Amino acid sequence: MRPLRILVACACVFIALMIPACSRTPESAKKLRVAFVTNNASDFWTIARKGCEQAARELPDVEVEFKIPSDGTAAEQRRIVDDLLAKGVAALAISPVDPANQTQLINDTARQALVVTQDSDAPQSERSCYIGTDNTEAGRQAGALIKESLPEGGKIMVFVGKMDARNAQERYQGIKEALQGSKVEILDVRTDDTDRVRAKANVSDTLVKYPDVKELVGLWSYNGPAILNAVRDAGKVGQVKIVCFDEEDETLAGVKEGAIYATVVQQPYEFGYQSVHLMTKVLKGDRSAIPPNKQMIVPTLVIRQDNVDAFKTKINQLRGR
């Protein structure tokens, strides 16, 4: 009888050990956790979220966290990254607010998880890859539009949230390169720390201080609507040209009515979609998807009055409208 009792006891122990293991579903045990961290709360990121969501649907073994800093600061991004690492996220794609001063954060994070930059790069860091726009080339596109809209030249003012951000620096550099040798004069760059009220106030102040300004240029997505609203308030629609970036609703409406000359748009859907797919491949051991120069460039598009309707239809589909 003793051998039988021993056998029964062993069977009970085996069953007791197996129950917790069986209670874990294969999905939860295998899920890869990745994250996508934006640099502000702009509507621009709604489209990037759609790309992340589509990639997640195609990758059932991947769980994606989409994080938006409430105040658009480097400090808030650090808090988000620390929280994600504490949760065990294996990879994250971040748009650094201040790449030069966030290099250490990225390097520290890269020792614990895979790090990809998107939208704004930090090339001196240990990030594995950058996915996004060639912002210098996008700036050159904007510069070409400025020259086209001001064939006789004139004074312009540039507006952006922060000049610390690499995408802002590169867009501005591209604009300056495109304007070399032209009769267009850049008065200055006005920053607003991603404060929309201040963004509009900067434009209003410019229109008062420089009544002869011929064109206003917005480098970040919300700068387009801020410029347009200030120009409307000043009664100068049509008198002052506007060139901007990205595809906020008010920007596209301004292009359609002719109040905005043109906008240079990125493809944020691809930022989200390609980031999730790349992180997943690398986490599964396939680094071949990372180009030798560690950059995956998503081309920009120029949206004018003649193609804005078709673009708006496409973008609204991506936004789920």
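Our structure's up above, just so we're on the same page.
What comes next is a walk through the structure. Per chain, residues are indexed from 1 in the order of the written sequence. This being a predicted model, a pLDDT of at least 70 is required before a residue's local features are given, and a value of 80 or more before pairs of side-chain atoms are given or counted; all residues contribute to the totals for chains, interfaces and linings. By convention in this description, side-chain values take in all heavy atoms of the structure and omit both hydrogens and water.

1. Structural notes on the packing of helix α10 (residues 249-257) against helix α12 (residues 308-318)
Angle between the axes and distance between the axes: these two values describe a pair of packed helices.
Consideration 1: Axes here refer to lines fitted to C-alpha atoms; in helices the fit is confined to the stretch in contact. Angles between the N-to-C directions go from 0 to 180 degrees. Secondary structure elements are defined from DSSP: runs of H or I of at least 4 residues count as helices, runs of E of at least 2 residues count as strands, and each element is numbered from the N terminus. In the contact formed by α10 and α12, the axes pass within 10 Å of each other and the chain directions differ by 160 degrees. On the basis of their axis angle, the class for α10 and α12 is roughly antiparallel. Two packed elements cross with a definite hand, and for α10 against α12 that hand is left-handed. Two secondary-structure elements touch here, α10 through L252, V255 and K256 and α12 through V308, D309, F311, K312 and I315.
Consideration 2: Gly falls in the polar group here, along with every residue not listed as nonpolar (Ala, Val, Leu, Ile, Met, Phe, Trp, Tyr, Cys, Pro) or charged (Asp, Glu, Lys, Arg). Residue classes in the contact of α10 with α12 are distributed as five nonpolar, no polar and three charged. Throughout, the term roughly parallel applies to angles under 35 degrees, roughly antiparallel to angles over 145, roughly perpendicular to angles from 65 to 115, and oblique to all others. With the far helix as reference, a near helix turned anticlockwise by less than a right angle produces a left-handed crossing, and one turned clockwise produces a right-handed crossing. Residue contacts are defined here by distance: any two heavy atoms, one from each residue, within 4.5 Å place the two residues in contact.

2. Topic: the sheet that holds strand β1 (residues 32-37)
Consideration 1: Strands qualify as paired when DSSP identifies two bridges or more between them. One open sheet holds the six strands; their spatial order is β2-β1-β3-β4-β5-β11, and the pairing between them is parallel. With one partner strand each, in any of the chains shown, β2 (62-67) and β11 (295-297) form the two edges of the open sheet. Neighbour-to-neighbour, the strand axes of this sheet turn through a mean angle of 20 degrees, independent of strand direction.
Consideration 2: One ladder, built from four bridges, connects strand β3 (residues 91-94) with strand β4 (residues 114-118); its direction is parallel. Bridging across to β4, I94 finds its partner in T117.

3. Brief notes about the packing of helix α6 (residues 135-149) against helix α7 (residues 166-179)
Consideration 1: Closest axis-to-axis distance for the α6/α7 pair is 6 Å, and the angle between their directions is 45 degrees. By the criterion of interaxial angle, the relationship of α6 to α7 is oblique. Relative to α7, the crossing made by α6 is right-handed. Contacts between α6 and α7 involve N135, T136, G139, R140, A142, G143, A144, I146 and K147 from the former and N167, E170, R171, G174, I175, E177, A178 and L179 from the latter.
Consideration 2: Here the residues of the contact of α6 with α7 are counted per class, giving six nonpolar, six polar and five charged.

4. A closer look at the pattern of salt bridges
Consideration 1: Note on definitions: salt bridges are taken to be side-chain nitrogens of Lys or Arg within 4 Å of carboxyl oxygens of Asp or Glu. Enumeration over the complete set of coordinates arrives at 21 salt bridges.
Consideration 2: Among the salt bridges present, the one from D83 reaches K87, with a minimum N-O distance of 3.5 Å.
Consideration 3: In this scheme, a residue with accessible area under 20% of its type's maximum is buried, one over 50% is exposed, and one in between is partly exposed, where area comes from a 1.4 Å probe on protein chains only. A relative accessible area of 30% places D83 in the partly exposed class.
Consideration 4: Judged by relative accessible area, K87 falls into the partly exposed class, the value being 36%.
Consideration 5: The salt bridge involving D233 is made with K200; its shortest N-O contact spans 2.6 Å. Pair noted here: D233 is in helix α9 (residues 223-233) and K200 is in helix α8 (residues 196-209), with a separation of 33 residues, a long-range link.
Consideration 6: What makes D233 exposed here is its relative accessible area of 58%.
Consideration 7: A residue is classified by how much of its surface remains accessible, and K200, at 28% relative accessible area, is partly exposed.
Consideration 8: Among the charged side chains, a network of salt bridges with common partners joins R33, E63, E65, K67, D83 and K87.

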